[in-house]
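Examining the three-dimensional arrangement
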Amino acid sequence: MAGSEPAGAAQRVTYLLVDGENIDATLGMSVLGRRPAPGERPRWDRVRDFAAEAWGQPVRALFFLNATSGSMPMSFVQALLAMDYRPIPLAGGPGEKVVDLGIQKTLDAIAERPGDVLLASHDGDFTAHLRRVLETEGRRVGLLGFREFVSSTFGDLLGRGLQVFDLEDHVHAFTEVLPRVRVIPLADFDPERYL
């Protein structure tokens, strides 16, 4: 069959890396102006489904957690496992940004293997690591977040192929319209969402 992969060839995968702390903090501090209620947080199952649909391939979903305190939110961890996420609880020393460091190490490892990447974060600390992943020809790399809060350091990567997907507008990760004030392209404006 023309265009099919040879028997035994590994199927291409999308690595979904979630910086949950960054998404939650941006939602709380920048969008809502307060701690999000449980119903206002992203529906992580929708994020995973979007990752699978975006490029039409299987997803390996990793959700990074700061477990430096020695404890984990077990009900949340169980929910992640039920949605086919692999929780990555990391611990480190005082002041160490364990989630950022874990994601950076993971991006470096992905750069050495085939696959595409979707990173859920606004944090510019990943710019150099995503640049390295983008260096492989034909590789797709995307950023999931609130586009108005994505670090400007990602700007030069847009010309190299970085795609930005808005968690609310593209991913539909929320059950209610968020109180965001941002520029909306007229073609994307749906007045029904605001009535």
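The text that follows walks through the structure, step by step, so that each part is easy to find. (Residues numbered from 1 in each chain as written. Predicted model: local features only at pLDDT ≥ 70, side-chain atom pairs only at ≥ 80, totals over all residues. Heavy atoms only, no water.)

**Remarks on the pattern of salt bridges**
The final tally for this structure, using the stated rule, is 15 salt bridges. For D45, the salt bridge identified is with R43, shortest N-O distance 3.1 Å. Judged by its relative accessible area of 25%, D45 falls in the partly exposed class. Classification of R43 as partly exposed rests on a relative accessible area of 34%. (Salt bridge = Lys/Arg side-chain N within 4 Å of Asp/Glu carboxyl O. Buried < 20%, exposed > 50% of the residue type's maximum accessible area, 1.4 Å probe, protein only.)

**What to know about the side chain of D123**
With respect to the helices and strands, the residue D123 is situated in the loop between β4 (116–120) and α5 (127–134). K97 is the oppositely charged side chain nearest to the buried, salt-bridge-free D123, at an N-O distance of 4.4 Å. Ignoring sequence-local partners within four residues, the contact set of D123 consists of D19, N22, K97, D100, S151 and F154. (Helix = DSSP H or I, 4+ residues; strand = E, 2+ residues; numbered from the N terminus. Lys, Arg positive; Asp, Glu negative; His and termini not counted. Contact = heavy atoms within 4.5 Å.)

**Here we look at the pairing of strand β2 (residues 59–66)**
Of all 8 residues that make up β2, 6 are buried, and the element is covered over most of its length. With 6 bridges joining them, strand β1 (residues 14–19) and β2 adopt parallel strand pairing. Within β2, the position partnered with V18 by the bridge is F63. Relative to strand β3 (residues 85–90), β2 runs parallel, the two being bridged by 6 bridges. Bridge pairing in β3 links L65 to P89. The β-α-β motif built from β2, the intervening helix α3 (residues 74–82) and the parallel element β3 has right-handed crossover chirality. (Pairing = 2+ DSSP bridges. Right-handed = clockwise from strand over helix to strand, strands pointing away.)

**A few points about the layout of surface pockets**
Regions of empty space are outlined by a rolling probe, equal in size to a water molecule, passed over the atoms. Approximately 410 Å³ is the volume found for the largest pocket. Around the largest pocket sit 13 residues that line it, and G20, E21, D24, L65 and F76 are the ones nearest its centre. When contributions to the lining of the largest pocket are tallied by element, the ones reaching two or more residues are α1 (20–32) and β2. Looking at the lining of the largest pocket element by element, the count peaks at 4 residues for β2. Considering only residue class, the lining of the largest pocket consists of 7 nonpolar, 2 polar and 4 charged. Of the voids in this model, the second largest pocket is the one considered here, and its volume is about 170 Å³. R147, E168, D169, H170, H172, R182, I184, D188, F189, D190, R193 and Y194 together form the lining of the second largest pocket. Tallied by class, the residues present in the lining of the second largest pocket amount to 3 nonpolar, 2 polar and 7 charged. (1 Å grid on protein atoms, 1.4 Å probe; cavity = no way out; pocket = protein on both sides within 12 Å on 5 of 7 lines; lining within 4 Å. Points joined across faces, edges and corners; volume = space filled by probe spheres on them. Nonpolar A, V, L, I, M, F, W, Y, C, P; charged D, E, K, R; others polar.)

**Things to note about the side chain of H129**
One can find H129 in helix α5. Engagement of the side chain of H129 in a polar contact is seen with the side chain of D108, the distance being 2.9 Å. (Polar contact = N/O pair within 3.5 Å; in protein donor to acceptor, adjacent residues only side chain to side chain.)

**Points about unusual backbone geometry**
In the Ramachandran plot, D84 falls in the positive-phi region, its phi being about 70 degrees despite a non-glycine side chain. Within the secondary structure, D84 sits in the loop between α3 and β3. Residue classification places D84 among the exposed residues on the basis of a relative accessible area of 54%. In this model, H172 sits at a positive phi of 55 degrees, which is unusual for a non-glycine residue. With respect to the helices and strands, the residue H172 is situated in the segment after β6 (163–166).

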